[in-house]
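# Examining the three-dimensional arrangement
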Amino acid sequence: VSGRRPYSYTFSHDKIFACIYSALPTGMERKQLHVRIGHRLLDAYPNNEYIKFVAVDQINQGAESITKTTERVELVRMNLDTLKLASKNSAFDRAQDYTASALSLFPNDGLWQVDYALALELHTIAAETVAVNQSPGELVDKVVLHGRTLEDKIPASTTLMMYYGWNHRFDETLDAGIALLKLLGEKIPRKAGKLHVAWELTRAKNDAKHMSDEELLALPVAENKNKIAAMKTLFLMYSAAFCTSAELMLVIVLRAFRMSLRNGIVADVTPFAFSTFGICNEYMKNETECIRFHKLALKLVNIHSAQVVKSATYYSTYGLGLHRVMPLEELQAPLAEGMKIGLQVGTPGPALTCGLMLVGLHYIIGTCLTQLEPMADQYMKLMEEYNRTTVTVCMCLTHQKILNLMGRSNDPLTLTGSAMDQTQHYHDMVASRNDVGLFLHLEYRFQLHIFFEDWDTAMMYHKQVLKHPDGLKSMGPHFQIVEHNFLTALLYFVWHRRTGSRKHKKLALQILQTMKTSKVNGNPNYDNYIPILLAEMRAKKLTKHELNETFRRAAAKCKFVQLRAIAHERAASLIQEQFGDNELTKQHLEAAKRRYEEWGATAKVKDVHEKLRLL
């Protein structure tokens, strides 16, 4: 009968197939028949990808009958070509089958003696394929053992680093990277401190201070293979260091930047190095140089057609830099492009980081949660498919926070539901020493308690957040800093009102001043947040009419729907607290409820509805 594919046929019943197959020759004769069938198919359909899979499967079934070394080498080559084809089509399980078949043809590492180049290519590419869902350690060990030159060993070693990074094994990523850098002639301290950062920063600034934009963009292309490999290794170490050690992360990016200036441009690394040097300038409070190097990074991507590093440069430049001079809404297109390009060129890690940022961005700018949740779910599945644990543990937090606000969890204040389990996630972050993931875990719990005006618990989580300085440093250049600053200042103002704490009033005023300064320096995004904080700060001194009008004006100035809801809800709380005016309180609560409904935050709608009932 006709098969599932055009021009293909299949037996109408499994028993018919079994009957016919049992009638065929057995033993070695049957194996030889499989080999002949496979070769006939390849001869008849040389350009048909589907037939190639079938043909190589047939030959593999009869591989035991192939005794000539040259023919076995040729079958290894066939399996290698087919595993490349399977990987290209994301059929990673099938690719691993072809890897196993190829390796079985020359037991005891015999292929290395027969055809070194083929053995090296097979083990290197097989390691990349296996790394998608299991450790490539054994294959990499073979390359390290039999590889004749350092250059031959580098690709497999970097694959192992990537596998460690994807699976949250940050210490192993960094250890492997530092060991490889040492072989390449670059020494990086494993436990970097402030003095290491200061030394690297001073040298980087000295190297770059007399160079104009034109000179930087005209740097020659790097030619030294060891230096190129070292820069690519630094690039692979960045994410692991970002999650575990801010000082080591800064040393890594500064070294990559300096190497670009000294050795020339590596298209797959230098644009990202320039962008991260911009981030370093942000840490040093040098806003002008920060923006300058982010813009230079984008120009380098275009000059060198650097598609491989484009997604990494986009998330670094837009997500961690140019949001200081661009409206948040304008970040959507480049982050979406970064994700698309990264998946196309085979850099899913940076691509999915763009996706993670894109979901977070949509959340902040008030995209309806009912539209945002399917996007978060889709990206979560992609991250799991590509085995990118590092971004998955961050995305599941965002996804679950969205589900909580939508009322799709048992408790809106607990990050446990279909996307994650709060307790397990916390323990996983502690076990992997992922300080950034742990910081975000606590930060999102803090945010939820702010939304539901549970101030005591919010303060408890905020104090825990402050115990993770590396996480706080990672938040500094991120566009999410606007929301973090706003919610923190709001908590401090409320805490001052409740307890009379001058310390918290002073801290709130410091954050407010930072936001005002950033606005003066060209940041267009704090306009959405400052009016609410100013209203909160002045509330005690205002009459009922003034307080009402101040918060209404603050809400009107907010572009994002959830901020308008917060403004009205805070107005209701303060009017009720200071004046006991139920009617005016009701008006603001009704306005807040409408805004939460527009946002799709069903849990908050219920919360506000309960407040209305209690009036």
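Treat the numbers as computed from the prediction; the structure is a model and nothing was measured.

With that out of the way, let us pick up the overall build of the protein chain. Along the protein chain, the regular secondary structure elements total 32 helices and zero strands. Buried residues in the protein chain amount to 56% of all 615 residues. Intrachain contacts of the protein chain at a sequence separation of at least 6 include 67% that bridge at least 24 residues. Looking at the protein chain as shown, the accessible area adds up to about 27400 Å², and 52% of this sits on carbon and sulfur atoms. Each charge sign in the protein chain was given a centre, from 74 positive and 64 negative side chains, and these centres are 5 Å apart.

What follows concerns the environment of Phe-293. With respect to the secondary-structure elements, Phe-293 resides in helix H16 (residues 287-303). Here the alpha-carbon distance between Phe-293 and Phe-242, two residues 51 residues apart in the chain, equals 19 Å. With near-sequence residues (within four places) excluded, Phe-293 lies in contact with Ala-208, Leu-216, Phe-257, Phe-274, Ser-275, Phe-277, Gly-278 and Asn-281.

Turning our attention to unusual backbone geometry. Of note in the backbone geometry, Lys-285 takes a positive phi value of approximately 65 degrees without being a glycine. If you trace the backbone, Lys-285 turns up in the loop between helix H15 (270-283) and H16. Under the relative-accessibility criterion, Lys-285 is labelled exposed at 75%.

With that settled, the discussion passes to the environment of Leu-111. Structurally, Leu-111 can be placed in helix H6 (residues 110-114). Leu-111 gets classed as buried once you look at its relative accessible area, which sits at 4%. Taking the C-alpha atoms as reference, Leu-111 lies 8.0 Å from Val-73; in sequence the two are 38 residues apart. Leaving out residues up to four positions away in the same chain, Leu-111 has contacts with Val-76, Phe-106, Tyr-116, Leu-118, Ala-119 and Leu-122.

The biggest cluster of nonpolar side chains holds 156 residues, and the ones touching the most others in it are Phe-274, Phe-486 and Tyr-596. With near-sequence residues (within four places) excluded, Tyr-596 lies in contact with Phe-451, Ala-565, Ile-566, Glu-569, Ala-601, Lys-604, Val-605 and Val-608.

Take H16 next. At 3.6 residues per turn, the α-helix brings residues three or four places apart onto the same side. Along its 17 residues, H16 runs 25 Å from first to last C-alpha, staying within 8% of the 24 Å computed at 1.5 Å per residue. The set of residues buried in H16 consists of Cys-290, Ile-291, Arg-292, Phe-293, His-294, Leu-296, Ala-297, Leu-298, Leu-300 and Val-301. Where H16 ends, the next residue or the one after it, Ser-305, has phi of about 45 degrees, a positive value.

The subject of this paragraph is the confidence of the model for the protein chain. Per-residue confidence for the protein chain gives a mean pLDDT of 92; residues scoring 70 or more make up 98%. Confidence, read as mean pLDDT per element, is least for helix H1 (residues 14-22) in the protein chain (80) and greatest for helix H31 (residues 582-599) (98).

What follows concerns the side chain of Lys-310. Mapped onto the elements of the fold, Lys-310 is located in helix H17 (residues 310-319). The contacts of Lys-310, once residues within four sequence positions are left out, are Val-301, Glu-337 and Ile-341.

The subject of this paragraph is the side chain of His-478. Within the secondary structure, His-478 is located in the loop between helix H25 (469-475) and helix H26 (481-499). Taking the relative accessible area as the measure of exposure, His-478 reaches 14% and is therefore buried. Residues within four places of His-478 in sequence aside, it is in contact with Gly-319, Leu-320, His-323 and Met-357.

Quick look at the packing of helix H2 (residues 27-44) against helix H3 (residues 49-61) now. Axis separation between H2 and H3 bottoms out at 7 Å; the angle between their running directions is 160 degrees. Considered as vectors, H2 and H3 are oriented roughly antiparallel to each other. Note that H2 runs across H3; the crossing there is left-handed. Along the contact surface, H2 presents Lys-31, His-34, Val-35, Ile-37, Gly-38, His-39, Leu-41 and Leu-42, while H3 presents Ile-51, Lys-52, Val-54, Ala-55, Gln-58, Ile-59 and Gln-61. By residue class, the composition of the contact of H2 with H3 is eight nonpolar, five polar and two charged.

Glancing now at the packing of aromatic side chains. Scanning all chains against the criterion turns up 16 aromatic pairs. Taking the centre distance of 6.0 Å and the plane angle of 65 degrees together, the rings of Phe-272 and Tyr-315 count as edge-to-face. Here Phe-272 is found in helix H15, whereas its partner Tyr-315 is found in helix H17, with 43 residues between them in sequence. Of the residues examined, Tyr-315 reaches a relative accessible area of 8% and is grouped as buried. With a centroid separation of 5.6 Å and 55 degrees between ring planes, the pair formed by Tyr-363 and Trp-599 is classed as tilted.

Criteria and cut-off values
Residues numbered from 1 in each chain as written. Predicted model: local features only at pLDDT ≥ 70, side-chain atom pairs only at ≥ 80, totals over all residues. Heavy atoms only, no water. Helix = DSSP H or I, 4+ residues; strand = E, 2+ residues; numbered from the N terminus. Buried < 20%, exposed > 50% of the residue type's maximum accessible area, 1.4 Å probe, protein only. Contact = heavy atoms within 4.5 Å. Areas by Shrake-Rupley, 256 points an atom, 1.4 Å probe, with all protein chains shown as cover. Lys, Arg positive; Asp, Glu negative; His and termini not counted. Charge placed at Lys NZ, Arg CZ, Asp CG, Glu CD. Core = buried A, V, L, I, M, F, W, Y, C linked by side-chain atoms within 4.5 Å. Expected span 1.5 Å × (residues − 1). pLDDT = per-residue confidence, 0-100. Axes fitted to C-alpha atoms, helices over the stretch in contact; angles between N-to-C directions. Parallel < 35°, antiparallel > 145°, perpendicular 65-115°, else oblique. Left-handed = near helix turned anticlockwise from the far one by under 90°. Nonpolar A, V, L, I, M, F, W, Y, C, P; charged D, E, K, R; others polar. Phe/Tyr/Trp six-rings, centres within 6.5 Å; stacked < 30°, edge-to-face > 60°.

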